[in-house]
Amino acid sequence: MPNQEVTGVVLAGGMSRRMGGSDKGWIELEGKPLIRHAIDLISSQVEECYINANRSLEAYQSLGLPVLMDLE
């Protein structure tokens, strides 16, 4: 049962300097993107879940969760 008082945010941002600039959220592990692993793990534990990202916005929005960007 989700916790009615907790909101989850998956941080999908960053420059990915150590990963050659690849968007970390879309790197696959065991056949699915890392972002999907994170969402699957926390979504059953929180009332709401958001994604924080600054690139690949359309791709992250396709996951069906609200996408928040950093303020500059």
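Residues numbered from 1 in each chain as written. Predicted model: local features only at pLDDT ≥ 70, side-chain atom pairs only at ≥ 80, totals over all residues. Heavy atoms only, no water.

A.B. asks: What exactly am I supposed to notice about the overall build of the chain here?
C.D. replies: Scanning the chain for helices and strands turns up two helices and five strands. Starting at the N terminus, the α and β elements of the chain follow one another as β-β-β-α-β-α-β. Considered along the principal axes of its C-alpha atoms, the chain spans approximately 40 × 35 × 20 Å. Long-range contacts, defined here as pairs at least 24 residues apart, represent 55% of the contacts in the chain between residues at least 6 apart. Side-chain charges of the chain comprise 6 positive and 10 negative groups, with the mean position of each set lying 10 Å from the other. (Helix = DSSP H or I, 4+ residues; strand = E, 2+ residues; numbered from the N terminus. Contact = heavy atoms within 4.5 Å. Lys, Arg positive; Asp, Glu negative; His and termini not counted. Charge placed at Lys NZ, Arg CZ, Asp CG, Glu CD.)

A.B. asks: Hey, could you run me through the environment of Trp26 in this one?
C.D. replies: Structurally, Trp26 can be placed in the loop between β1 (3-11) and β2 (28-29). Judged by relative accessible area, which is 28%, Trp26 ranks as partly exposed. Along the sequence, Trp26 and Ala53 sit 27 residues apart, while their C-alpha atoms lie 12 Å from each other. Those residues within four positions of Trp26 in sequence are excluded, and the remaining contacts are Pro33, Ile35, Ser56, Ala59, Tyr60 and Leu63. (Buried < 20%, exposed > 50% of the residue type's maximum accessible area, 1.4 Å probe, protein only.)

A.B. asks: Would you mind going over the nonpolar core with me for this structure?
C.D. replies: One recurring pattern in soluble globular proteins: nonpolar side chains tend to sit buried together. Grouped together as the largest cluster of nonpolar side chains are eleven residues: Val10, Ala12, Ile35, Ile39, Val46, Cys49, Ile51, Ala53, Tyr60, Leu63 and Val67. Sorting elements by how many residues they give to this core places strand β4 (residues 46-52) first, with three residues. (Core = buried A, V, L, I, M, F, W, Y, C linked by side-chain atoms within 4.5 Å.)

A.B. asks: What exactly am I supposed to notice about the side chain of His37 here?
C.D. replies: Here His37 is to be found in helix α1 (residues 34-43). Residues within four places of His37 in sequence aside, it is in contact with Leu29 and Lys32.

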